[in-house]
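Examining the three-dimensional arrangement
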Amino acid sequence: MATLTENANWGTELWDQYDNLSIHTLKGIDFLERYGHFVRDRATIESEYAYKLRRLVKNYQPKKKDEEDYQFTSCRAFKALMTEINDMAGQHEVVAEDLQANVIRELTALVKDLREERKKQLQEGQRLSQSLQTQIESLQRAKKAYDKAFKEAEKAIDGFQKADADFNLSRAEVEKHRANMAHKTQTCDQAKNEYAVQLQQTNQLQRQHFRSGLPEVFRQLQDLDEKRIKNIKNFIKGSVELERNVFPIINKCLDGVLKAADIINEKEDTLLVIEKYKSGFQPPEDFPFEDLSKGGSDSGSANNLNNIQLGSKIKDGGYTVKGTITGKAMKKRAGIFNIFGSRGKLTEVCMAIKNAAIADGKEDLSELPPNQRRKKLMQKIEELKTKVTQETAARDGLMKMKGVYEGNPALGDPRTIESQLNECSHRLEKLQQDLVRYQGYLDEVVKGIQSGNLTNSVTGSPRLLNGSSRIHRNSGGSAAEENSLSSCSNSPESGLGTSHTSLHHADSDQDQYDGNHADPESEYYEADVLPAIGICRALYAFEGTFSASEGSIPMAQDEELHLIEVDQGDGWTRVRRINGEFEEGFVPTTYIETSLFNT
């Protein structure tokens, strides 16, 4: 078999394979179209992948309530990682868009052009074949006519020869056969000439058909098929190039992920935990030994021991955090919320003093542990300094504008600036006063921390929640008010005896309830923190005003809290704040939806 070269073409090598070439070119175009479908589906996958990456990043973005946790290096690294993943999603979108614009669109147009060109060339081949077939049929008819005329001429010649040799026939008969012979011979010659002409035309057309006409059609089909194959190659390379163009950016994103990982520092995070949760209290001192043989005992030490032992009562359903009782002792809970119902005057006095103390505590943040208080006060001071700077700049700007107006009244009336300047000065003065006041609070807590005389309330010293551990003298409270507040502070509805670290003295307020020192369930202490039994979400915002619901805490809409105790039929549920500083209290049951942990 002869070896084919690159110059071999379909016209000479496949001159008789019209049908096979027609089928082959059709399959080739169908294959190109299938490749186009593959690229289209590939672009769809890239687009969907980018969408899912973006959605993944969106789902794991930190919520507002979790932003405080993102001061840790691991959390910051995770946030940076999500940013890089989001950028990578954008690059996959670029790949999808470029495949759609630069490959799929051109490929679809090419398929359409190739189909039209193939159809055109096949129609030309059919026309040429039809012309040759028509010419062959004309040749066959001429040949048939020539055969018939030749036979008739031979017969006429044979008849004339016989008649001429027969002496019995007349001269007229012989001439008749002669004339017939001449006519048939002439007709045969004409048919022969016609056959020769048709044969010449047919051979010429056949040579033209198989040497130029049909080869040209096949050459066009060959060019069409080579164009198809070449474009598949170009499309594949182009697709690769599109992806390679985004690789540098994706690599940068991956480098960003590595940089995000490098910022993770376990030591820094552990120090941040210390900074975030350090209370500033000193560890409790040792319990003194009580020698009963010497007679008497220190009541304060006895109280301390009694208070410490209260933690074990939680297991038996006795006492819980915040001076309230657990589920087993909830039978007295309804009475707790109405305990001051018959003592209207005392209740009013307690509430007035308590609200004043709470308002003062919220300002100086005295409800927080010393170290946390110091940090919050420093943040507040920085905020005030920023506001002072802004107000100072605003005041200076107004003063400059006033000077311009005074120098050129045509620009404006200076009196219009006076009111704005006065308001700005008042705001600035108030901010400066606040700054001095908060700086005083900070100095106070710093001196307390440096003196080292701060002790945790688990040693027996009472410490009330919400900043009510003391009545500030600068609030104008009297000693009588302090005593009245003390008489109110041990009940859960007062909202003052709710610290998770305080242990109230058993003998301080017991007589106000039933006067029975022997009944442990008539006293309300604080012990270890109760474990959460579920999660609840706030359906509505709740301000937690003490006039509306004693012992309550505020909550924002959609805020999630730990569920501590379920509603016992009084319409209130006990919850604890999940994030931020420790805070625990009651919220309306109808304001939340709860989900208990599986046990």
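These lines cover the structure that appears in this document, whether it is placed above or below. For clarity, every value in this text was computed on a predicted model and none was experimentally measured.

Bringing the side chain of Asp-269 into the picture now. Positionally, Asp-269 belongs in helix H5 (residues 266-277). Salt bridges are absent for the buried Asp-269, whose nearest opposite-charge side chain, Arg-76, sits at 5.8 Å. Ignoring any residue separated from it by four or fewer positions in sequence, one finds Asp-269 in contact with Phe-72, Thr-73 and Ser-74.

A word on the packing of H5 against helix H9 (residues 370-407). Where H5 contacts H9, the axes come no closer than 7 Å and their chain directions differ by 95 degrees. For the element pair H5 / H9, the angle class is roughly perpendicular. Together, Ile-274, Glu-275, Lys-276 and Tyr-277 of H5 and Asn-371, Gln-372, Arg-374 and Lys-375 of H9 make up the contact between the two elements. Considering only residue class, the contact of H5 with H9 consists of 2 nonpolar, 2 polar and 4 charged.

Another aspect to go through is the pattern of salt bridges. If the charged atoms of two oppositely charged side chains come close together, the side chains can form a pair. Tallying each qualifying case throughout the model produces 29 salt bridges. Across the salt bridge formed by Glu-93 and Arg-54, the nearest N and O atoms sit 2.9 Å from each other. Note that Glu-93 is positioned in helix H3 (residues 73-165) and Arg-54 in helix H2 (residues 18-59), a separation of 39 residues in sequence. Judged by relative accessible area, which is 30%, Arg-54 ranks as partly exposed. Ionic pairing is found between Glu-216 and Arg-219, a salt bridge with its closest N-O pair at 2.5 Å. With Glu-216 and Arg-219 both in helix H4 (residues 171-262), this residue pair falls 3 residues apart, about one helical turn. Each of Glu-565, Arg-574, Arg-576 and Glu-584 takes part in salt bridges that share partners, so that together they form one network.

Moving on, we get to a nonpolar patch on the surface. Among the surface-exposed residues, Leu-56, Tyr-60 and Phe-78 lie close enough to one another that they form a single nonpolar patch of about 300 Å² accessible area. Its place among the elements puts Phe-78 in helix H3. According to the relative accessible area criterion, Phe-78 is partly exposed, its value standing at 32%.

Another point: the pairing of strand E3 (residues 572-577). With 6 of 6 residues buried, E3 lies mostly within the body of the structure. Neither face of E3 is left uncovered, since the one carrying Trp-572, Arg-574 and Arg-576 and the one carrying Thr-573, Val-575 and Arg-577 both have all their residues buried. Across 4 bridges, strand E2 (residues 560-565) lies against E3 in antiparallel orientation. Residue pairing in the sheet places His-562 in a bridge with Arg-576 of E3. From the end of E2 to the start of E3, which pair antiparallel, there are 6 residues, and Gly-569 there has a positive phi angle of about 105 degrees. Of the strand pairs in this sheet, E3 and strand E4 (residues 584-588) are connected by 5 bridges, and their pairing is antiparallel. Each residue of the ladder has a partner; that of Arg-574, found in E4, is Phe-586.

Before going further, it helps to examine unusual backbone geometry. We note that Asp-558 has phi near 70 degrees; this positive angle belongs to a residue other than glycine. Considering the arrangement of structural elements, one finds Asp-558 in the loop between strand E1 (534-538) and E2.

With that settled, consider the sheet that holds E4. The strand order across the open sheet formed by 5 strands is E4-E3-E2-E1-E5, and the pairing between neighbours is antiparallel. Lying at the two open borders of the sheet, with one neighbouring strand each, are E4 and strand E5 (592-596). Each strand of the sheet is rotated relative to its neighbour by a mean of 40 degrees, with strand direction disregarded. Bridge analysis of E1 against E5 gives 5 bridges, and the strand direction is antiparallel. For Cys-536, the partnering residue across the bridge sits in E5 and is Thr-594.

For H5, with 12 residues, the first-to-last C-alpha span of 17 Å sits near the 16 Å given by 1.5 Å per residue. For H5, the set of buried residues is Asp-269, Leu-272 and Lys-276. Angularly, the buried residues of H5 cover 55 degrees about the axis, an arc narrow enough to put them on a single face. Exposed side of H5, more than 90 degrees from the buried face: Lys-267 and Leu-271 are the residues found there. Tucked inside the fold, the buried residues of H5 contact H3 and H9.

Applying the stated rule across the entire model yields 9 aromatic pairs. With a centroid separation of 5.6 Å and an interplanar angle of 85 degrees, the aromatic rings of Tyr-438 and Tyr-441 are classed as edge-to-face. Within this pair, Tyr-438 and its partner Tyr-441 are both found in helix H10 (residues 415-451), separated by 3 residues, close to a single helical turn. Accessibility classification places Tyr-438 together with Tyr-441 in one group, the buried group. Taking the centre distance of 5.6 Å and the plane angle of 75 degrees together, the rings of Tyr-540 and Tyr-591 count as edge-to-face. Of this pair, Tyr-540 sits in the loop between E1 and E2 while Tyr-591 sits in the loop between E4 and E5; the two residues are 51 residues apart in sequence, bridging distant segments of the chain. Relative accessible area serves as the criterion here: at 46%, Tyr-540 is assigned to the partly exposed category.

Thresholds applied
Residues numbered from 1 in each chain as written. Predicted model: local features only at pLDDT ≥ 70, side-chain atom pairs only at ≥ 80, totals over all residues. Heavy atoms only, no water. Helix = DSSP H or I, 4+ residues; strand = E, 2+ residues; numbered from the N terminus. Buried < 20%, exposed > 50% of the residue type's maximum accessible area, 1.4 Å probe, protein only. Lys, Arg positive; Asp, Glu negative; His and termini not counted. Salt bridge = Lys/Arg side-chain N within 4 Å of Asp/Glu carboxyl O. Contact = heavy atoms within 4.5 Å. Axes fitted to C-alpha atoms, helices over the stretch in contact; angles between N-to-C directions. Parallel < 35°, antiparallel > 145°, perpendicular 65-115°, else oblique. Nonpolar A, V, L, I, M, F, W, Y, C, P; charged D, E, K, R; others polar. Patch = residues over 30% accessible without salt bridge, like charges linked within 9 Å, V, L, I, M, F, W, Y side chains within 5 Å. Areas by Shrake-Rupley, 256 points an atom, 1.4 Å probe, with all protein chains shown as cover. Pairing = 2+ DSSP bridges. Expected span 1.5 Å × (residues − 1). Arc of directions from axis to C-beta. Phe/Tyr/Trp six-rings, centres within 6.5 Å; stacked < 30°, edge-to-face > 60°.

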